[in-house]
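# A structural walkthrough
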Amino acid sequence: MKHSTFFWFVLPSAILMLLFIALPIVSVVTQSFYSAHEQVIVTVENCGPFGCTESTAVDQEATQALQDEEPLGKWVGTAIYTDRNHLALGEISDAWISADGLPDFGRSLMNLPFYKAMAFTLTYTFIVTPLTIILGFFIAIAVNSVAQALKGPTIFLSLLPMIVTPLVGSLIIFWMVDARGVLGAGLQWLASDPNLSVKASTAMMWMMLMFYGVWHSAPFAFVVFYSGLQTVNTDTLEAAMIDGASRWERIRHVVIPHLFPLTTFVALIQLMDNFRVFEPIVSFQAQAHATSLSYAIFNDLGGETRLLSSAAATSVLTIIGVAILLSPVMVRTYRDFTPRS
Amino acid sequence: MSIANRRPVPVLLLATGFLALWLILAAFPFMWTLWGSFKVEGDFFSKADWANSIYGTLTTAETGGSFTGDGYHGAWIKEEFWRAALNTAIVCVCVVTVSLTCGTLGGYALARSGYRYAFWFLFFALIFRAMPPITLVSGYLLPFFEWNLWGHLYTTIIVLVAINQPFTLWMLHAFFKNIPQDLDESAMVDGCTRFQAFRHVIIPVMWPGVITTGLFSFLLAYNDFAVTTMLLSKENQTMIPKIASFLGTTQTKGNVMFAVAAVVSVTAPLFVMIMFFQRQIVSGLTAGAVKG
């Protein structure tokens, strides 16, 4: 294909991605070095018949003028990155000095918003991803061994948790585990504790979120593994059988190696998606017990005062996190696609 | 059937049992919520006796029948959920159309160009695919406020199309690679330009892949929360942010059932979609994996 033809064909896509993905990243990085203007305070003397009083007021006009002049805010360098809501370098060194052993240091770390979000995001990513792969694999094996007629309906029902909007799916689960919902009441009965509530306990909340995560993404792993199973070489399986391999040994030594390349693919997609965990936290109203990096950004952006700079700094840190997480995969893709010379 | 595929009875039983358990886990929450959406709040959240939510004891006491459409009436009419549904329809149709138009052109070029820059293009698209949308949203807000673009449906549509592009390009690229190159090249030998070859030879055969990709574009637009909640003003809200706003305001008024009805309303079209396009969804999910 000629260079010019290629150019015109990809132009619309390229412009879209440049304008709405590449530029916003630049804009986020820039924004994170600026902080919002402080309001201009003026002191006004009110003199009445009973003497004069001094009061302070916000000079709306001057504030607006400042805002219009420099919409980004004032340059603060890396101050936002190091403040309490982000990397909190000062607080960490204080905590390190005053901490009474590592667990104590960990506890004070968990009181800092960024590290709290980071801890949950990483725990979620690294627990949900392997569990998803394992559950998906077993569902695929099970579906593969039931009668042909059952496969269609099984796949249909299995797709539901994944296709349904994450916010909606997690709401449905949340209502069921509510203290008044059917599962919540069941849990109370099981634990014989009438006051048990998932909403009140941090550990239960984390478990619920991860349960939802696995429930939501297991179908994806299942579908990928299931289609992989269709291409397993039956000759190899039969040969293994003749050589006396048991059912489990056949799965272990023939099926799993065959599915291994698919596992890396599923793991890559899952790592990307789990790292951005966000909607379940909104649905479960879990912010008191668990926040993620995405939720922290959402929280800064919403509300009355939009903390753009703070959100931008968290976004940059998140992007760095994604980059670190995905660098091995990127290197692999690069190698795969590089033409062998 | 190969002898290796024969299963002894205990294994079959174990597999069937495990599968039944998973299917209940996967489908029961939806059935339960669908059933419960026709009850009153006291039954949907029945602390006293869970069987109430099945028989609708309180629903009968409050409304006279064991089913009630109050939740739906409240959500769709009183809270104007129909407006949100209309907005969602507009957003989804536009996002799917625009992203497929740009995506097929780009995907075709990427599949046919053997040069190095095509690889780099795809490589950057992969990096962009990994960006959490909410991090991009924090980059949009200030410029959109400054230029008065915030809150409109068309801004959100363009943003969703752009966020969707990397995925669309990858998928269609893989798909066009599977269409034999001889097809369009022979058209070009016969005197077509590249675009004419695309128009007359490729477009007629590309529909299966385009439909599959379109389904996923639709899902992305339909399911999005991060972008729509941040970039749309209250009157332009689509369904998902609208449900989220029910959680904040309506729950305190004791109208959880509005949210439940809305949730069921959002799920229903997806249900129908899976029913009709199950095969395409499955092939789309595995396209990237199996081919490499």
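Residues numbered from 1 in each chain as written. Chains lettered and ligands numbered in written order. Predicted model: local features only at pLDDT ≥ 70, side-chain atom pairs only at ≥ 80, totals over all residues.

## A look at the overall build of chain A
Spelled out, the test is: Runs of H or I in DSSP of at least four residues are treated as helices and runs of E of at least two as strands, each being numbered from the N terminus. Each radius of gyration is computed over the set of C-alpha atoms, and the globule rule expresses the reference value as 2.2 Å times the number of residues to the power 0.38. Each residue is classified by how many other C-beta atoms fall within 10 Å of its C-beta atom, where C-beta atoms are placed from the backbone; a count of 20 or more means buried, 12 or fewer means exposed, and values in between mean partly exposed.
Of the regular secondary structure elements, chain A holds 15 helices and four strands. The globule rule puts the C-alpha radius of gyration for 341 residues at 20 Å, and the 27 Å found for chain A is more than 25% above it. Across its three principal axes, chain A shows a C-alpha extent of roughly 105 × 75 × 45 Å. A burial count over chain A gives 38% of its 341 residues as buried.

## With respect to the domain arrangement of chain A
Residues and elements named next belong to chain A. Our working rule: The domain boundaries here were taken from an automatic or database domain assignment. Two residues qualify as being in contact provided that their C-beta atoms, derived from the backbone, are within 7 Å of each other. Amino acid classes used here: Ala, Val, Leu, Ile, Met, Phe, Trp, Tyr, Cys and Pro are nonpolar; Asp, Glu, Lys and Arg are charged; the rest, including Gly, are polar.
Parsing chain A into structural domains produces domain 1 (79–111) and domain 2 (113–337). Each of domain 1 and domain 2 has a C-alpha centre, and the two are 30 Å apart. Between domain 1 and domain 2, the contact holds eight residues from the first and ten residues from the second. Looking at the side of domain 1 that touches domain 2 residue by residue, the class counts come to six nonpolar, two polar and no charged.

## Side note on the interface of chain A and chain B
Of the residues lining the interface, 82 residues belong to chain A; the matching set on chain B comes to 84 residues. Counting residues per element, the side of chain A that touches chain B draws most heavily on helix H1 (residues 3–31) of chain A, which supplies 16 residues. When grouped by side-chain class, the residues that make up the side of chain A that touches chain B number 59 nonpolar, 16 polar and seven charged.

## A few points about helix H8 (residues 133–146) of chain B
Residues and elements named next belong to chain B. Put simply, the rule reads: The span you would expect from a helix comes to 1.5 Å times its residue count less one. One axis is fitted to the seven residues ending at the residue and one to the seven starting there. The bend at that residue is the angle between these axes.
Under the 1.5 Å per step criterion, the end-to-end length of H8 is 21 Å for 14 residues, consistent within 8% with the ideal 20 Å. The largest bend in H8 amounts to roughly 30° and is located at Tyr140, with the proline Pro143 lying one to four residues further along. Here H8 lies mainly inside the structure; ten of its 14 residues are buried. Listed as buried for H8 are Pro133, Ile134, Thr135, Leu136, Val137, Ser138, Gly139, Tyr140, Leu141 and Leu142. One or two positions beyond H8, positive phi appears at Asn148, with a value near 60°.

## Focus: the confidence of the model for chain B
Caution is warranted with low-pLDDT regions, since their predicted coordinates should not be read in detail. All names here are of chain B. Formally: For every residue, the pLDDT score states the predictor's confidence, bounded by 0 at the bottom and 100 at the top.
Per-residue confidence for chain B gives a mean pLDDT of 86; residues scoring 70 or more make up 94%. Between the elements of chain B, mean pLDDT differs from a low of 77, seen in helix H3 (residues 52–55), to a high of 94, seen in helix H6 (residues 81–112). Note on the complex model: pTM 0.89, ipTM 0.89.

## Describing the pairing of strand E2 (residues 41–48) of chain A
Residues in a regular strand project their side chains so that they alternate between the two faces of the sheet. Residue and element names in this part refer to chain A. Just so we agree on the cut-off: Two strands pair if DSSP finds at least two bridges between them.
For E2, the tally of buried residues reaches only zero of eight residues, placing the bulk of the element at the surface. Taken together, the eight bridges between E2 and strand E3 (residues 51–58) define a ladder with antiparallel strand orientation. Within E3, the residue paired with Asn46 across the bridge is Thr53. Counting the residues that bridge the hairpin from E2 to E3 gives two residues.

## Some thoughts on the packing of helix H6 (residues 113–145) of chain A against helix H12 (residues 247–275) of chain A
Residue and element names in this part refer to chain A. This is how it is decided: All axes here are fitted lines through C-alpha atoms, helices being fitted over the stretch that makes contact, and every angle between N-to-C directions spans 0 to 180 degrees. Every angle not falling under 35 degrees, over 145, or within 65 to 115 is termed oblique; those three ranges are roughly parallel, roughly antiparallel and roughly perpendicular. By convention, the crossing between two helices is left-handed when the near helix turns anticlockwise from the far helix through less than a right angle, and right-handed when the turn is clockwise.
At a minimum axis distance of 9 Å, the contact between H6 and H12 shows a crossing angle of 150°. As far as their axial angle goes, H12 and H6 are roughly antiparallel. Considering how the two elements wind past one another, H6 and H12 form a crossing that is right-handed. Here H6 contributes Thr121, Tyr124, Thr125, Val128, Thr129, Thr132 and Ile133 to the contact with H12, which in turn contributes Thr263, Val266, Ala267, Gln270, Leu271, Asn274 and Phe275. Across the contact of H6 with H12, the residue classes break down as seven nonpolar, seven polar and no charged.

## Focus on helix H12 (residues 207–223) of chain B
Helical periodicity: at 3.6 residues per turn, an α-helix aligns residues three or four positions apart in one direction. Residue and element names in this part refer to chain B. For H12, spanning 17 residues, the distance from its first C-alpha to its last is 24 Å, which sits close to the expected 24 Å at 1.5 Å a residue. When you tally the buried positions in H12, you get twelve out of 17 residues, the bulk of the element. Of all the residues in H12, the buried ones are Gly209, Thr212, Thr213, Gly214, Phe216, Ser217, Phe218, Leu219, Leu220, Ala221, Tyr222 and Asn223.

## Considerations on the packing of helix H14 (residues 293–301) of chain A against H8 of chain B
In the contact formed by H14 of chain A and H8 of chain B, the axes pass within 9 Å of each other and the chain directions differ by 25°. With respect to H8 of chain B, the element H14 of chain A is oriented roughly parallel. Along this stretch, H14 of chain A crosses H8 of chain B, giving a crossing that reads as left-handed. Listed contacts from H8 of chain B to Ser294, Ile297, Phe298 and Leu301 of chain A of H14 of chain A are Ile134, Thr135, Val137, Ser138 and Leu141 of chain B. Of the residues assigned to the contact of H14 of chain A with H8 of chain B, the class counts are six nonpolar, three polar and no charged.

## Thoughts on the environment of Gln287 of chain A
Residues and elements named next belong to chain A. Secondary-structure assignment places Gln287 in the loop between helix H13 (279–283) and H14. Distance in space between the C-alpha atoms of Gln287 and Asn299 is 9.5 Å, their sequence separation being twelve residues. Beyond its immediate sequence surroundings of up to four residues, Gln287 is in contact with Ile281 and Tyr295.

## Some details on the nonpolar core
Our working definition: In plain words, the nonpolar core is the set of buried Ala, Val, Leu, Ile, Met, Phe, Trp, Tyr and Cys residues that C-beta atoms within 7 Å link up.
Core analysis: the largest hydrophobic core is formed by 162 residues, its most contacted members being Leu209 of chain A together with Val137, Leu160, Ile243, Ala262 and Val263 of chain B. Sorting elements by how many residues they give to this core places helix H10 (residues 202–229) of chain A first, with 15 residues.

## What about unusual backbone geometry?
When glycine is set aside, most residues are seen to have a negative phi, and most peptide bonds are trans. Residues and elements named next belong to chain B. We note that Glu80 has phi near 55°; this positive angle belongs to a residue other than glycine. Mapped onto the fold, Glu80 is located in the loop between helix H5 (70–78) and H6. By C-beta crowding, Glu80 is classed as partly exposed, having 14 other C-beta atoms within 10 Å. Phi is positive for Asn148, close to 60°, though the residue is something other than glycine. With respect to the element layout, Asn148 can be found in the loop between H8 and helix H9 (153–177).

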